[in-house]
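Below are the chains, spelled out letter by letter.
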Amino acid sequence: MNTLGWMLDDALKMPETRHAVLLSADGLLMAHSAGIDRDDAERHAAAMSALQSLARATAEFCGQAGADWRQTVSEFAGGFVFLAAAGPGAYLAVSATDRVDMEAVSFRIQELVQRLGKELTSPPRQDAGSPA
């Protein structure tokens, strides 16, 4: 069950991107790109959930206690991890090499977040049983 995986694959058409996972706030894998197997994607989804929780806890350091968290970028020797809010209770993580155009990948992530938001939000149910 990886119904949104194609959307993640589409986002990875940028040079120097590696993998993408879509996860729930509690760390459950919702979708993954084709280049990463399910077991690794599940492990990374759990780690990304912890990372976003830690990032939220540091908002006060920016003078904004309780501020809405939007994105975290982690840099490592050899690459970056971009983690962004992707709708109510969902997060998108993208990994990339150290040669990626950071501005371009951040822009692409925000475009994908907009698209995913439409897919993740179901329309309100119509109350068919109420009297007119």
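Figured I'd write up the structure that's included with this text. In this text the structure is predicted, and so the values were computed from the model without any measurement.

### A look at the overall build of the chain
Now for step 1: Counting secondary structure elements, the chain contains three helices and five strands.
Now for step 2: Moving toward the C terminus, one meets the helices and strands of the chain in the order α-β-β-α-β-β-β-α.
Now for step 3: At a minimum sequence separation of 6, the contacts of the chain that also span at least 24 residues come to 49%.

### Structural notes on the environment of Leu-23
Now for step 1: Topologically, Leu-23 is positioned in strand β1 (residues 17-24).
Now for step 2: Residue class for Leu-23 comes out buried when judged on its relative accessible area of 0%.
Now for step 3: Linking Leu-23 and Glu-42, residues 19 residues apart in sequence, is a C-alpha distance of 8.6 Å.
Now for step 4: Leave out the neighbours within four places in its chain, and Leu-23 touches Leu-28, Met-30, Ala-45, Met-48, Ser-49, Gly-89, Ala-90 and Tyr-91.

### Section: the nonpolar core
Now for step 1: One finds Leu-8, Leu-22, Leu-92, Ile-109 and Leu-116 to be the most contacted residues of the largest nonpolar core, which totals 23 residues.
Now for step 2: Residue assignment for this core shows that the elements contributing at least two residues are α1 (5-11), β1, β4 (79-85), β5 (90-97) and α3 (102-120).
Now for step 3: Here the element with the most residues in this core is α3; it accounts for five residues.
Now for step 4: Those residues in contact with Leu-92, other than ones at most four positions away along the chain, are Leu-8, Val-21, Leu-22, Phe-82, Leu-83, Ala-84, Ala-86, Ile-109, Leu-112, Val-113 and Leu-116.
Now for step 5: One finds Met-48, Ala-55, Tyr-91 and Ala-93 within the second-largest nonpolar core, a separate group that totals 13 residues.

### Describing the sheet that holds β4
Now for step 1: Here five strands make up an open sheet; going across it, the order is β2-β1-β5-β4-β3 and the pairing antiparallel. Each of the sheet's edge strands pairs with one partner strand only, and the pair in question is β2 (29-32) and β3 (71-76). Ignoring strand direction, the axes of neighbouring strands in this sheet form an average angle of 15 degrees.
Now for step 2: By the bridge criterion, seven bridges tie β4 to β5 in an arrangement that is antiparallel. What sits directly across from Val-81, in β5, is Ser-95.

Thresholds, definitions, all that
- Residues numbered from 1 in each chain as written.
- Predicted model: local features only at pLDDT ≥ 70, side-chain atom pairs only at ≥ 80, totals over all residues.
- Heavy atoms only, no water.
- Helix = DSSP H or I, 4+ residues; strand = E, 2+ residues; numbered from the N terminus.
- Contact = heavy atoms within 4.5 Å.
- Buried < 20%, exposed > 50% of the residue type's maximum accessible area, 1.4 Å probe, protein only.
- Core = buried A, V, L, I, M, F, W, Y, C linked by side-chain atoms within 4.5 Å.
- Pairing = 2+ DSSP bridges.
- Axes fitted to C-alpha atoms, helices over the stretch in contact; angles between N-to-C directions.

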